[in-house]
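If you want the building blocks of each chain, they are given just below.
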Amino acid sequence: MLRATLKSLLARKLRLILSGLAVVLGVMFVAGAFVVTDTLSRSFDAVFASAYSTTDVRVVAQPKVEVAEFDGEQVAAPLPANTVDKIKTVAGVRAAVGLVEADGARVIGSDGKVLTSAGPPRMGVAWTGEDELLRLREGRGPTAAGEIAVNATVATSAGLTVGDQVGVLTLEPKKQFTLVGIFGYSGDRDSLGGVQEVAFTEPVAQQLMLGSTGVYSSVRVEAADDVTPEALRDRLGAALGTGYVVKTGDQLAEENAASLQEGLAFFGQILLGFAGVALFVGVFLILNTFSIIVAQRTRELALMRALGANRRQVITSVLVEAVAIGFVAAVLGLAAGVGVGAGLAYLFSSFAGGGGLELAPVGVPAAAIISSFVVGVVVTVVAAVLPALRAARIAPIAAMQDVATPDRPLTKLSTAGGVVTALGAAALGLGLFGEAGNELWLILGGVLLSFVGIALLTPLISRPVVGLLGRLFSWSLPGRLGRLNSGRNPRRTAITAAALMVGIALITGVTVVMDSAKSSLKAEAARVLKAEIIISGDQNGPRPPTFDPAVVGKAAQIPGVRAAAGLWSDQVLIDGAKAYVNATDDLAALAQTYGASAAGGTLTTLTDDQIAVSAAEATERGWAVGSRVSVQTSRGEPRTYTVAATYEKEALPGTIMLPAAATKDFGIPQPVLGAVRLADGVPVAAVLPQIKALVADSPEVAATDAAAFVNQQAATFDMLITMIQILLALAILIAVLGVINTLALSVLERTRELGLLRAVGLGRAQTMRMVTVEAVVISVFGALLGVTVGAGMGAAVTRALESDGITELVLPWGRMGTYLVLAALVGVIAAVLPAIRAARLNVLGAIAHD
């Protein structure tokens, strides 16, 4: 029986390829996710190990406000210069060097644009000379206040050479420096993991990067020969007491690598999620393939039963075929996954790493190998179980008959589909609208059950819907035949269409949510944003773009300007709890540019010890006008403020507003947004050029009209839609393979029928059109199901997010129409090979086909 199964499998190589290709693509994504995360993880391990290779122990002050990895930028608390002297007195210390290192030194390139970063920090440091890690390549280190040196990555990316005048943005507005040196790192590296580095003299670095002179961000300590780094760490911790963080270089390397690996793990989980979608779609393809194969092998399997094979042996033969296909697919998918993982790692290092990340050799972790074979074999076997059980029910008498597989009643299938769909809808509803605490799993489970349930219900509606769609092509004989063929087996048509439905439904659902969010954002902006001109920039890292605070005051003096205000933001501790706050230089002006004036009287500005809060925030915290509040900003000491006013939710941006005086102790002491409102009747075109001239020395930002600013913010949603469409394209590709597979096997199944049609006058071109119509009808049916299901799910999610600000439901009719048109095109493409095969059939051979 085993030999017969293997011979049957090898005799149908095309079937093997088409069946396994879906699994290959899914496994490729799974293996690729593990390979890319492993490669990048080892690469960053090496970077951090190198960066801290010259550090035995490092001492930093406890941050004023702890900031989580993905919540923003951690601001280092400054260490007084005398801390270095104190450290030097501790036994076991050979040397101690105060360091100035902080993110936020943005270089303006030779083209006048700020050198951006897709992830690595842009460090400003104090020049401490060459060492084992750092080596000058050109020029010298900075010795005067107006001099800098940069690493080779900055010099290359910004087009700089020694002697150039270079603009640099820091905690202060743009300042000009002379470039006197370019340096690199051991191993002939241009950077450490793509980090951009600018070196100033120590006093300049302290002022520009830390906010004051005479302080350091950390102290690097070298241990004596007879003292281990761990022992010195403990001694320093005891000597310095609380308020300091003392760690060895190895600890720092491990912790930084672990922190980054959290982000890599999230990236890997996203890839695995889309791999899961691809494999889920692949199940439909394999299920359909094995169902057709069993139907075609009815006589063969019945003959085996007649010769003595029992039901268990028949089931085993089908499952052995599935295991063989799954194993081969797993091997090929793993090999492809290694290539995909290596490619993704290279792209990551080129873009996110700024081209400066030296990749570790590509490896294949055990998790990639194990998951590839488990997923590949299990998915294939699970999909083959139902066809295997169906094969076992074939009676031996079928070997003596010209059997056609009967179209079985759909009652049980439809009932099961209704139950599963109801369970999925209930889980989805609980996840979206309930408060069970495990909403994510309920939503994912609800979506999965809903797709399975709808797929089970699809045969019930396939015949009438397919018949209706087919009438569009019934103007010719091939069109009528194609319509009848597409509806002759509702189960087969439904499974093929369901595979396409999943991908289209997910894309449509995401599009509905994103377009609704975008429309809600625009509607909210139109309702509350009164400014006609906005000063802002694109944020492409943890640090938002900023501009010179003097711009706001100058803008307010331009004729035709009614009000101009700047907006600062920071993460602080309020009475010991983390909170996000804003600050402004003119509360009344900000209220005029954003919405209504602040409630609570005629308050036009906040004094240095006053704050304003939204009414909802005040109620939640139990505050009232006159309440005293303790605020710890990213820099400086805690300060007590008095609540001077409350305002309605839409009167001002944010819920807590601090005075302008507080911004000097913010992590970013420059405004991140400016708003300008014009006097009645003044055209934007009359003022906008003057505002643009004011921000010419702040190249991170630009002045635009309010509509362009809103569109710029909304463009993020379009980018997310595009990314998801690209990732889900794999699922669509597998669905297309499903259409090709179904048609190819159907052509084999209908060989005699096609021969008879050709014999009675159906031409080759007509045969090809007939197969093409069948493919187009099935594809459009699947896409129609997808846009319908996706729109419903997207609408449900949108309504669930109403309290989060998504107040408008938008159905993207244009995109959905595009998906249907593309589905028709997909059908045409999918039909090419099966149609050619059908047209080339030898008429006499086909009629004689058994």
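The written sequence of each chain sets the order in which its residues are numbered from 1. The model is predicted, so local features are restricted to residues of pLDDT at least 70 and side-chain atom pairs to those at 80 or more, both for listing and for counting; the totals for chains, interfaces and linings are taken over all residues. Each side-chain value is derived from all of the structure's non-hydrogen atoms; neither hydrogens nor water enter the calculation.

Draft legend 1. Region of interest: the overall build of the protein chain. A run of H or I in DSSP counts as a helix once it spans at least four residues, and a run of E counts as a strand once it spans at least two, with each numbered from the N terminus. For the protein chain, the helix and strand inventory stands at 24 helices and 23 strands. Overall, the protein chain is about 100 × 75 × 50 Å in size when its C-alpha atoms are taken along their principal axes. In the protein chain, which comprises 850 residues, the proportion classed as buried is 50%. Only the protein chains shown count as cover for residues, and all accessible areas are computed by the Shrake-Rupley method using a 1.4 Å probe. For the protein chain, the accessible surface area stands at approximately 36,700 Å², while carbon and sulfur atoms represent 62% of it. Partly exposed describes any residue whose relative accessible area lies between the buried limit of under 20% and the exposed limit of over 50%, with all areas from a 1.4 Å probe on protein chains only and scaled to the type maximum.

Draft legend 2. Spotlight on the pattern of salt bridges. Only one rule defines a salt bridge in this text: a Lys or Arg side-chain nitrogen within 4 Å of an Asp or Glu carboxyl oxygen. Evaluation of the coordinates by the stated rule reveals 20 salt bridges. The salt bridge involving Arg140 is made with Glu147; its shortest N-O contact spans 2.8 Å. Between Lys174 and Asp697 there is a salt bridge, with its nearest N and O atoms 3.7 Å apart. On the criterion of sequence distance, the pair formed by Lys174 in the loop between β9 (165-169) and β10 (175-185) and Asp697 in the loop between α18 (684-694) and β23 (702-705) is long-range, its members being 523 residues apart.

Draft legend 3. Structural detail: the environment of Gly417. One can find Gly417 in helix α11 (residues 411-433). Classification of Gly417 by relative accessible area gives buried; the value is 0%. In this structure the C-alpha to C-alpha distance between Gly417 and Leu449, which are 32 residues apart in sequence, comes to 9.5 Å. It only takes one pair of heavy atoms within 4.5 Å for two residues to be counted as in contact. Once residues within four sequence positions are removed from consideration, Gly417 is found in contact with Gly453, Leu456 and Leu457.

Draft legend 4. Representation of unusual backbone geometry. Despite not being glycine, Asp188 shows a phi value in the positive range, around 60°. Classification of Asp188 as exposed rests on a relative accessible area of 65%. Located in the positive-phi region is Asp575, a residue other than glycine, with phi close to 55°. Position of Asp575 among the secondary structure elements: in the loop between β16 (561-574) and β17 (577-584).

Draft legend 5. The sheet that holds strand β3 (residues 93-99), seen in detail. If you walk across this open sheet you meet the 4 strands as β3-β13-β1-β14, and the pairing is antiparallel. Two strands close off the open sheet at either side, each with one partner strand: β3 and β14 (244-248). In this sheet, adjacent strand axes meet at a mean angle of 20° when their direction is disregarded. Any two strands are treated as partners once DSSP identifies two or more bridges connecting them. Between N-to-C directions, angles span 0 to 180 degrees; the directions come from axes that are lines fitted to C-alpha atoms, helices contributing only their stretch in contact.

Draft legend 6. Spotlight on the packing of helix α21 (residues 764-800) against helix α23 (residues 832-839). Taken N-terminus to C-terminus, the directions of α21 and α23 make an angle of 145°; their axes are 8 Å apart at the nearest point. The element α21 and its partner α23 pack so that their crossing is right-handed. Where α21 approaches α23, its residues Arg764, Thr767, Met768, Val771 and Thr772 are matched on the opposing element by Pro834, Ala835, Ile836, Ala838 and Ala839. In this classification, the charged set is Asp, Glu, Lys and Arg, the nonpolar set is Ala, Val, Leu, Ile, Met, Phe, Trp, Tyr, Cys and Pro, and all remaining amino acids, among them Gly, are polar. For the contact of α21 with α23, a count of residues per class yields 7 nonpolar, 2 polar and 1 charged. By the definition used in this description, the sense in which the near helix is turned from the far one sets the handedness, with an anticlockwise turn below a right angle giving left-handed and a clockwise turn giving right-handed.

Draft legend 7. Seen up close, the packing of α11 against α21. The N-to-C vectors of α11 and α21 enclose an angle of 30°; their axes lie 9 Å apart at closest approach. Our classification of the angle between α11 and α21 gives roughly parallel. α11 and α21 meet at a crossing whose hand is right-handed. Residues Leu428, Leu432 and Phe433 of α11 touch α21, and the partners they reach there are Met793, Ala796, Val797, Arg799 and Ala800. Looking at the contact of α11 with α21 residue by residue, the class counts come to 7 nonpolar, no polar and 1 charged. Working rule for angles: under 35 degrees goes down as roughly parallel, over 145 as roughly antiparallel, 65 to 115 as roughly perpendicular, anything else as oblique.

Draft legend 8. A look at helix α14 (residues 490-528). In this analysis, the expected span of each helix is defined as 1.5 Å times one less than the number of residues it contains. Its 39 residues place the ends of α14 53 Å apart at the C-alpha level, agreeing with the 57 Å of an ideal helix rising 1.5 Å per residue. Buried residues dominate α14, accounting for 30 of its 39 residues.

Draft legend 9. Structural view of the packing of aromatic side chains. Only the six-membered ring of Trp is used, alongside the rings of Phe and Tyr, when aromatic pairs are assigned; centres must lie within 6.5 Å, and planes under 30 degrees apart are stacked while those over 60 apart are edge-to-face, with the rest tilted. Taken as a whole, this structure holds 4 aromatic pairs when the rule is applied. Taken together, a centroid distance of 6.0 Å and an interplanar angle of 80° make the contact between Phe183 and Tyr185 edge-to-face. Residues Phe327 and Phe373 carry aromatic rings whose centres are separated by 5.4 Å and whose planes lie at 40° to one another, so their mutual orientation is tilted. Here Phe373 lies in helix α10 (residues 366-392) and Phe327 lies in helix α9 (residues 311-351), a separation of 46 residues in the sequence.

Draft legend 10. Geometry of the environment of Met304. Looking at where Met304 falls in the secondary structure, it is placed in helix α8 (residues 298-306). For Met304, a relative accessible area of 16% corresponds to the buried category. Residues Met304 and Val314, 10 residues apart in the sequence, show an inter-C-alpha distance of 8.2 Å.

Draft legend 11. View of the pairing of strand β8 (residues 147-151). In terms of burial, β8 is a largely internal element, 5 of the 5 residues being buried. With 5 bridges joining them, β8 and β10 adopt parallel strand pairing. Bridged to Ala149 within β10 is Gly181. Relative to strand β11 (residues 196-200), β8 is paired through 2 bridges, and the arrangement is antiparallel. Residue pairing for β11: Val150 is matched across the bridge by Val198.

Draft legend 12. Local environment of the environment of Ala707. Along the chain, Ala707 turns up in helix α19 (residues 706-749). On the accessibility criterion, Ala707 (49% relative accessible area) is partly exposed. Placed 174 residues apart in sequence, Ala707 and Ile533 show a C-alpha to C-alpha distance of 8.7 Å.

Draft legend 13. Main features of the side chain of Thr798. Take Thr798: it is sitting in helix α21. Ignoring any residue separated from it by four or fewer positions in sequence, one finds Thr798 in contact with Val512, Val513, Ser516, Ile806, Glu808 and Leu809.

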